[in-house]
Amino acid sequence: MTRPRVHETVADLRQGIAAARAAGRRIALVPTMGALHEGHLSLVRAARARAEHVVVSIFVNPTQFAPTEDFDAYPRDNEADIRMLEELSVEGVFLPSVAEMYPQGFATGVTVGGPSAGLESVTRPHFFNGVAIVVTKLLLAALPDVAVFGEKDYQQLAVVRRFVTDLGIPTEILGAPTVREADGLAMSSRNRYLDAGARRTAALIPQVLTQAIARIEAGEPAASVLAEGTAQLAKGGFAVDYLELRDAATLAPVGPQSDSARLLVAARLGSTRLIDNMAVARPASGWA
Ligand code: AMP
C-alpha cells in the first residue's frame, strides 16, 4: 500500500493534480471534515469508480460552525484518517490549515437561496454560507471532474448542486446513498458524542422516518403523520428541530407537481444534534 500524498497547500494540491491530469487520469474530490467512518469511505469508493486519481479533503471548516457549536470539540484524528484512506489506495489527501483556506483579511462570501431556505437554516443560519464558500474554494483549488457528497446531508447536497450550476463550476456533483449502522442510525462523526443510552435512543430516528414514510406512501395525510412522528421523537427524549416533507429535487414544500419527496429530520439528544432523511415515493392517490 502506498501512503497518499498529503497536500497542505493549494499550490501543492494543484501540482499533484496537474501531474495526474498530464498522465491522462480523471480527478475526483471527496470533501470531508475528517473523523472518517464507513459513510465517508463509501463516497471514496464511489469516487474511485469514476476517477483514477482520488483526492479526499479533510478540513474542519470554522465558517460553518456558530460560536456556540462544537468546532473546538469536533473529533480530529488525521493519522487514523490517512491510514483508512491508504487502505483504499487514495492518491491524495488535502489537509489545509485554516490560514491556507481563509487568508488574512478574508472578506468574500457565497450566498445561496433556493434549497438553503428553511430546515437546517432555521437553527443554523450561518451554516450554508460556510459550506458554500468552503466547497467553492475546494472545487476551485482542485477543479475535479467529479465531486462526491453524501445524501446523509441532503439539503447540503441540494445547495451544492445549486451553486455549482449557478456559478458554472465545471465539476459533476455525485450524490451517494446514506450508510447506516445495523440498527438503522445514519453513520455520523457526531455519533461518537452519544453515550450508550443515547446511542440506543438514537435508533428511534430511522424508525420514525421509516414508519412515517410507509404511512405517507399509503395515502395518509402527511400533516398528521408528521405531527405524530414529532410527538414520538419528543416522547423518546429528543428535542425536535424539524420533521418535514419536501420536494426531493427543489426542497420546496411538496406540491402536486412533486414527482418524489424527501422526509428530513433534525433532532437533539442532550447536546448532540442528529440529522437524517429518506426518500418518499409519490402515493398512488397523490400527495395528501
Ligand atoms: P462530514 O465529514 O460530516 O462533513 O461529511 C463529509 C461527506 O460525507 C458529506 O458529503 C456527507 O454527506 C458524507 N457523509 C457523512 N455521513 C455519511 C453517511 N452515513 N453516509 C454517506 N455519506 C455520509
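Thresholds applied
- Residues numbered from 1 in each chain as written.
- Predicted model: local features only at pLDDT ≥ 70, side-chain atom pairs only at ≥ 80, totals over all residues.
- Heavy atoms only, no water.
- Helix = DSSP H or I, 4+ residues; strand = E, 2+ residues; numbered from the N terminus.
- Salt bridge = Lys/Arg side-chain N within 4 Å of Asp/Glu carboxyl O.
- Buried < 20%, exposed > 50% of the residue type's maximum accessible area, 1.4 Å probe, protein only.
- Near = heavy atom within 4 Å.
- Areas by Shrake-Rupley, 256 points an atom, 1.4 Å probe, with all protein chains shown as cover.
- Nonpolar A, V, L, I, M, F, W, Y, C, P; charged D, E, K, R; others polar.
- Domains from an automatic or database assignment.
- Contact = heavy atoms within 4.5 Å.
- Buried area = accessible area lost by both parts, 1.4 Å probe.

**Q** How would you sum up the environment of Asp77? Please name residues and give values.
**A** By the element assignment, Asp77 lies in the loop between strand 3 (53-58) and helix 3 (78-87). The sequence separation of Asp77 and Gly286 amounts to 209 residues, and the corresponding C-alpha distance is 48 Å.

**Q** Report on the pattern of salt bridges, specifying residues and quantitative values.
**A** In this structure the tally under the stated criterion is 20 salt bridges. Of the charged contacts in the structure, one is a salt bridge between Glu79 and Arg83, with a shortest N-O distance of 3.8 Å. Taken together, the positions of Glu79 and Arg83, both in helix 3 and four residues apart, correspond to about one turn of that helix. A relative accessible area of 49% places Arg83 in the partly exposed class. For Glu151, the salt bridge is made with Arg262, and the minimal N-O distance between the two is 3.5 Å. Here Arg262 lies in strand 8 (residues 260-269) and Glu151 lies in the loop between strand 5 (146-150) and helix 7 (154-167), a separation of 111 residues in the sequence. Overall, the relative accessible area of 22% leaves Glu151 in the partly exposed class.

**Q** Which residues make up the site of the ligand, and what values go with them?
**A** Neighbouring the ligand are 16 residues, the closest being His40, Gly150, Asp153, Val179 and Met187. When the ligand is considered free in solution it has 480 Å² of accessible area, and contact with the protein chains removes 93% of it. At the level of elements, strand 2 (27-32), helix 2 (38-50) and strand 5 are the ones that each hand at least two residues to the shell around the ligand. At three residues, helix 2 tops the list of elements feeding residues into the shell around the ligand. Split into classes, the residues belonging to the shell around the ligand amount to eight nonpolar, six polar and two charged.

**Q** Please give an account of the domain arrangement of the protein chain that cites residues and values.
**A** Here the domain parsing of the protein chain yields domain 1 (5-176) and domain 2 (189-281). Computed from C-alpha atoms alone, the centre-to-centre distance between domain 1 and domain 2 is 26 Å. Every contact between the two is made by 23 residues of domain 1 and, on the other side, 17 residues of domain 2. Summing both partners gives a buried area of about 1,700 Å² for domain 1 against domain 2, and 49% of it is carried by carbon and sulfur.

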